[in-house]
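Listed below, chain by chain, are the residues.
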Amino acid sequence: MLVSFNLNGNPVEVDVMPHWSLLDVLRDKLELMGTKKGCETGECGACTVLLNGDNVNSCLVLASKLSAEDEVTTIEGLAKDALLHPIQAAFAERGALQCGYCTPGMILSVKAMLDKNPHPTREQIKEGISGNLCRCTGYEQIVEAVEVVIGEVKDQ
Amino acid sequence: MFPKFELTKAATLQEALREIGENNGTPVCGGTDLLVQLRGGVRSAAHVVDISGIAELTEIREEDSGVFIGAACPLSAVQANSAVAEHFPALWQAVSKVGSAQIRNAASLGGNVQTASPAADGLVALMALDATVCLVSSDGAREMPISQFNSGFKKTELRGSELIRGFYLKKSVWDFQEFFKIGRRNALAISVVNGAVCIRYCGDGRIEDAAIVLGAVSPAPIRLKAVEQVLMGCAVDCVDEQKLRDAVVDSISPISDIRASKEYRSYIAGVMVNRMLRSAAKKEVV
């Protein structure tokens, strides 16, 4: 079945089977590899994308239920050509990634949080990323990167 | 990858009920339980009906004496609703502790109640608040108290042709409500023990009525009437904590599983009910 939706600001049309997840469609049909496959059960957050501005686990979104009014944002949609999004730049500066596998999902969860609450407390930042597992960093640099973005911490 | 199924995106309630009643449809909202079960092979569905876009199922309607919460509202919408936050803090807290932000942007109370895990956070709070479950089918509508709807281990009284339309909660019943959750992680945790405590005081400040529901300590969330009895007539800051703890432990039958031992569950259930009472005592203005 043909499904149409907006992807990173552009309309797309894809032929999908009803039982395909948005994660599989992004990676296998649209060849956007930035969204990662982790647990496929909604427990790790590696597959996080934004759906109409809200962070969701794309492994549990059925692609066939999307419509032309839906906006999907993946990590590929954040940078403007060579210009990194401030969240991406802060992550790079603060060493908020090592293997990078959780990073696309983590950055999108941060974006969803900041778009709703531009000045979260440290506790709120931790809550905002609690749906994204990171095995490398211990989360401290990630929280600091968010504090840089919101101006709490001066970037060196 | 999920096993193959057909999908109907229902635009109206009538269409959804027809597909479910006559066309072997399995309703899906956020899919955070169903899709995981399908992927794990513990459930099968040949025809899935997406009900997440149906207006009658996604409204939250505040009335003078109560609030109706549509079964297919995303939990994040329930969390954002000021009437829920103001009148039903136990439910608000429960919903806020389900899964993660990503899960809450998709999952629903209807799904939480229909999956009917004994550890279900939403179900425990709804039980303590004595919610009415509103059911609908092509033949009509019916209602029942949620304590009757959840009729056993992961069992509900939903008929094959029915959908949960939503939940109705009466306002102004309780003076104090709180929900707690013990889990192995800050998020995305299946509750080890959870619970809701609601208290009403009489004119002289003593406890007139209480509702205490615990989850993950018996085959279904359980209302602890014997524990409520211990509280009757007491001042909230003069509760016999040992007696309360013993009554809790006597009322529950937890099991040991991969998340916790039954000994820990019994222990922490007693601790947390007492902690809820202490929280009530702090808030009570005498």
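Remember, predicted model here, so these are calculated numbers, not experimental data.

Rules behind the numbers
Residues numbered from 1 in each chain as written. Chains lettered and ligands numbered in written order. Predicted model: local features only at pLDDT ≥ 70, side-chain atom pairs only at ≥ 80, totals over all residues. Heavy atoms only, no water. Helix = DSSP H or I, 4+ residues; strand = E, 2+ residues; numbered from the N terminus. Rg over C-alpha atoms; globule rule 2.2 N^0.38 Å. Buried < 20%, exposed > 50% of the residue type's maximum accessible area, 1.4 Å probe, protein only. Contact = heavy atoms within 4.5 Å. Buried area = accessible area lost by both parts, 1.4 Å probe. Salt bridge = Lys/Arg side-chain N within 4 Å of Asp/Glu carboxyl O. Polar contact = N/O pair within 3.5 Å; in protein donor to acceptor, adjacent residues only side chain to side chain. Arc of directions from axis to C-beta. Core = buried A, V, L, I, M, F, W, Y, C linked by side-chain atoms within 4.5 Å. Pairing = 2+ DSSP bridges.

Q: Which residues make up the overall build of chain A, and what are the values?
A: Along its length, chain A carries 5 helices and 5 strands. Put simply, chain A runs from its N terminus to its C terminus through helices and strands in the order β-β-α-β-β-β-α-α-α-α. Computed over C-alpha atoms, the radius of gyration of chain A comes to 15 Å, within 12% of the 15 Å expected from 2.2 N^0.38 for 156 residues, which places it in the range of a compact globule. Seen through its principal axes, chain A has C-alpha atoms that stretch 50 × 30 × 25 Å. The burial tally for chain A puts 54% of its 156 residues in the buried class.

Q: Lay out the interface of chain A and chain B in plain terms, naming residues and giving numbers.
A: Put simply, an interface is often sized by how much accessible area is lost when its parts join up. Tallying the contact residues gives 30 residues for chain A and 26 residues for chain B. For chain A, the biggest contributors to the area lost against chain B are H19, L60 and K65 of chain A; these three give 28% of the whole. Along the contact surface separating chain A from chain B lie 3 salt bridges. Ionic pairing is found between E127 of chain A and R104 of chain B, a salt bridge with its closest N-O pair at 3.8 Å. Summed over the shared surface of chain A and chain B, the number is 10 residue pairs in polar contact (both at pLDDT 80 or more).

Q: So what's going on with helix 2 (residues 86-94) of chain A? Residues and values would help.
A: Residues and elements named next belong to chain A. Every buried residue of helix 2 is listed here: I87, Q88, A90, F91 and R94. Burial along helix 2 is one-sided: seen end-on, the buried residues are contained in an arc of 165 degrees. Of the residues in helix 2, the exposed ones pointing more than 90 degrees away from the buried face are P86 and E93. The elements touched by buried residues of helix 2 are helix 3 (103-116) and helix 5 (140-149).

Q: How would you sum up the nonpolar core? Please name residues and give values.
A: Residues and elements named next belong to chain B. By size, the foremost hydrophobic cluster in this structure holds 56 residues, and its most contacted members are L91, L126, I146 and F167. Among all residues touching I146, those that are not within four sequence positions of it are V113, L123, L126, M127, A131, V133 and F167. Within the second largest apolar cluster, 32 residues are counted, among which are V197, A210, V230 and I268.

Q: For the pairing of strand 4 (residues 54-57) of chain A, give the residues involved together with the corresponding values.
A: Residues and elements named next belong to chain A. In this structure, strand 3 (residues 48-51) lies alongside strand 4, joined through 4 bridges in antiparallel fashion. Across the sheet, residue L50 finds its bridge partner in strand 4, namely N55. Connecting strand 3 to the next strand, strand 4, in antiparallel fashion are 2 residues, including N52 with a positive phi near 55 degrees.

Q: Could you give an account of the environment of G9 of chain A, naming the residues involved and the relevant values?
A: Within the fold, G9 of chain A resides in the loop between strand 1 (2-7) and strand 2 (10-15). The sequence separation of G9 of chain A and E71 of chain A amounts to 62 residues, and the corresponding C-alpha distance is 7.4 Å.

All quantities given are derived from atomic positions and should not be read as evidence of function.
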